[in-house]
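# Per-entry structural report
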Amino acid sequence: MHAPGEPTRVLWVESDLHPDGALVDLQAGPEQRAATAGWRSAAVVADGSVTALELSADRGVRDLWFVEFRESATRPPAVNLMAFAGHGRRAGELLDRADLSNVAVRRADQLGALRWYPATGEVDQIYVAPAARRRGVGSGLVYAAAVLSIARGWPRMWADGQRTVLGEAFRNGSEFGDRAADLTHVAPPMTPGATA
């Protein structure tokens, strides 16, 4: 048990010890170490708020920090998670739109973003800036957004069959493939001026 106000961590773990999607409350000890050995991302929760989204060391993108932007007025409401690095922010730090106004970043500094519908878990878009591709930013965004959803009690994330050529390559080359439907429609590229 954690003392009131003490931060807790919610982990997303790749493991065969429990069924997919199982929520497991583990106490400290050998069972916890075995069950969490394959952790991919963690949400740090303090006083009921998620304050950080950590990525495991093997993700290759430990320096990412995130901004959450909610589109509450859209139908259905959506959430955007944007990834940045540097600018004097701690790796894993989670800011909201108001916090971001105090950081000297430009739109061009954004490495990538993921947009999804928290009511259903459906992923709408994933984008990684061309200069940041093949560095684990897309995977890092999926891991971070997924653990944020878990920590908030939202449905597990999934994707339909519509995506870009790059999105299909990401789906086929990642461990997220089982959470995305087979390709049904190739969407146009999200990068302005790109042809595929």
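Above this text is the structure in question.
Now for a look at the structure at hand. On a predicted model such as this, the values are computed, not experimentally measured, just so you know. (Residues numbered from 1 in each chain as written. Predicted model: local features only at pLDDT ≥ 70, side-chain atom pairs only at ≥ 80, totals over all residues. Heavy atoms only, no water.)

## Considerations on the environment of Y143
For Y143, the position within the fold is in helix α3 (residues 137-152). Take Y143: its relative accessible area is 1%, and that puts it in the buried class. Between the C-alpha atom of Y143 and that of A42, which follows or precedes it by 101 residues, the distance is 8.6 Å. (Helix = DSSP H or I, 4+ residues; strand = E, 2+ residues; numbered from the N terminus. Buried < 20%, exposed > 50% of the residue type's maximum accessible area, 1.4 Å probe, protein only.)

## Here we look at the sheet that holds strand β2 (residues 39-46)
With antiparallel pairing, three strands are arranged side by side in an open sheet as β1-β2-β3. The open sheet has two edge strands with one neighbour each: β1 (8-13) and β3 (49-55). Shown here is a sheet whose adjacent strand axes are inclined to one another by a mean of 20°, direction ignored. The pairing of β2 with β3 spans six bridges and is classified as antiparallel. Across the sheet, the residue bridging to A43 is L53, located in β3. (Pairing = 2+ DSSP bridges. Axes fitted to C-alpha atoms, helices over the stretch in contact; angles between N-to-C directions.)

These figures come from the coordinates and say nothing about function on their own.
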